[in-house]
Amino acid sequence: MSERTAFMTIARAAAPLYVTTLAASAGSLVDTALLGRHATVSLAAFAVTIAVFSPATATVAGALRGSCPSSHPIGTIPRGCCRWCGAGCGWRSRWEGCAAAVAGVPLFGGVFGVPDRILDQLGLFPWLLAGSVLLIAVNSSATSVLVALGRSARVMRSGLVATAVSVTLSVVLVAGPGPLPSFGLTGAGVAMVASSLVGAGLNQYALRRRTVLAGRPIRPGRPDPREVLRLARVGLPLGGTVLVKFSVLGVLTFAAARIGTDSAAVHSVSESLVNIVFTAAVAVGQATVPLIAGYAAERDLGRIRRSVDAGFGVALCAVVALGAVLVVLRDPVIDLFTRSPDLADQVIRLLPLVLAVVVTDALQAVAGFGLVGLKRTMPSLVSTAVWFGVLATLAVPIADRAGLAGLWTALACANLLQAVTKFVSFRRHGARIVGALSAVAVAEESGGAVPEPGRAQRS
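Residues numbered from 1 in each chain as written. Predicted model: local features only at pLDDT ≥ 70, side-chain atom pairs only at ≥ 80, totals over all residues. Heavy atoms only, no water.

Moving on to the overall build of the protein. Of the regular secondary structure elements, the protein holds 16 helices and 0 strands. Within the protein, the proportion of its 459 residues that are buried is 51%. Considering only intrachain contacts with a sequence separation of at least 6, the fraction spanning at least 24 residues in the protein is 83%. (Helix = DSSP H or I, 4+ residues; strand = E, 2+ residues; numbered from the N terminus. Buried < 20%, exposed > 50% of the residue type's maximum accessible area, 1.4 Å probe, protein only. Contact = heavy atoms within 4.5 Å.)

In structure tokens, the structure reads:
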């Protein structure tokens, strides 16, 4: 397959994934826009809570996604693997820990020096989102199996319905149209919980009634420890990578909130703009995984590298095009999030750095998904932990001295360093895996000793 063919293949596969991911982000964007128009302090409180909520949910979903038996042909998923994913990997204690972290946002905010004016606005919102974390965990366990069974369309339909519920309730409960009262942040929390409940219910129904698992008990036997360990070697580092990333992004939000209410609101709007564009890169990265995994099994190093190069090309084209649209339509887009001309001006001044963050984040994401295709997720975890660890350490001093501009410049630099180190790891591990598989194949054909698989993988 030429790089041009790989480019088109990835682009066609990424398009529906981007639509699905974008729809999933719509509810949060609507909440951000409505709260920004409701009151700046409410938007700041929303941003502080989301700073903990995002890593909590991303950790659960990331670990389950990495453990999903996507490499198995449809209909041949091991029974133990079904139990592992269908029961949410048995990590209920971790779900509860993530939910407790979200409920403890007022405590974390006080430790990080978030102004009392912002924390006083929280009310029931952290507790509502803690419930949403548990529902998202249940939803993610079902989604992982549905995707592995080739039922992505059902996942997309469930997501669209859940988004519709979230948007409708947000408009009614947050905006308070006509004679209806506005419940502000609490209304946004109710909308998010309802959306999570609908999504989890629809996906669990589809899993139990519309797949080859229909009629089977939810726990079809004990899991195979070796199978579970094999999946966990991919899933756990991937979940850890997501946890580190979103935790540090949460630290940046707290650092921005230390500057003041306006800075927290501007940071929240800018993060929402990043999410609109960055989801395209995530879709592209997901589309490269099956290509790379297939070529790795075929020991075709050239195609492995051409696939990730094509992924870089598609991701850059997508984020540059979307970024250009954002620049052209910046005034009406930003007006959706705030009625304050001063806040809008601050977001516009930050826009070049926002675009720099998007581009560098897209590059590191594609390189990271390339490593997922090779089933080598530990290098991504190490890269993110090192560079984002440095960023977390310097976030508060940078924010205090250089403001939001310094904070976002540091974020762009951390993303770029991640992209470089992950790409180098991808090329190195790709060559090693192909070499190890080729040695095994030669040994099998010649009747010689076959290298120990675990040792070949670790070499």
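As a further point, take a nonpolar patch on the surface. Taken together, the side chains of Leu107, Phe108, Val111 and Phe112 define a hydrophobic patch exposed on the protein surface, amounting to about 380 Å² of accessible area. Within the element layout of this structure, Phe112 appears in the loop between helix H5 (105-111) and helix H6 (116-119). (Patch = residues over 30% accessible without salt bridge, like charges linked within 9 Å, V, L, I, M, F, W, Y side chains within 5 Å. Areas by Shrake-Rupley, 256 points an atom, 1.4 Å probe, with all protein chains shown as cover. Salt bridge = Lys/Arg side-chain N within 4 Å of Asp/Glu carboxyl O.)

The backbone of Arg299 sits at a positive phi, close to 60 degrees, despite the residue not being glycine. Inspection of the secondary structure assignment puts Arg299 in the loop between helix H11 (261-297) and helix H12 (301-328). Residue class for Arg299 comes out partly exposed when judged on its relative accessible area of 37%. Positive phi values are uncommon outside glycine, yet Lys375 reaches one of about 60 degrees.

Taken together, the side chains of Asp262, Asp331, Asp335, Asp342 and Asp345 present a region of like negative charge at the surface. Of all the secondary-structure elements, those providing two or more residues to the negative patch are helix H13 (330-335) and helix H14 (341-373). Positionally, Asp331 belongs in helix H13. (Lys, Arg positive; Asp, Glu negative; His and termini not counted. Charge placed at Lys NZ, Arg CZ, Asp CG, Glu CD.)

Here the structure, examined in full by the defined rule, presents 3 salt bridges. As a salt-bridge pair, Asp361 and Lys245 come within 3.2 Å of each other at their nearest N and O atoms. A residue pair is termed long-range when its members are at least 10 positions apart, and Asp361 in helix H14 and Lys245 in helix H10 (residues 225-259) qualify at 116 residues. Accessibility classification places Asp361 together with Lys245 in one group, the buried group. Residues Asp300 and Arg303 are paired through a salt bridge, measuring 3.4 Å at the closest nitrogen-oxygen approach. Residue Arg303 is classed as partly exposed on the basis of its relative accessible area of 29%.

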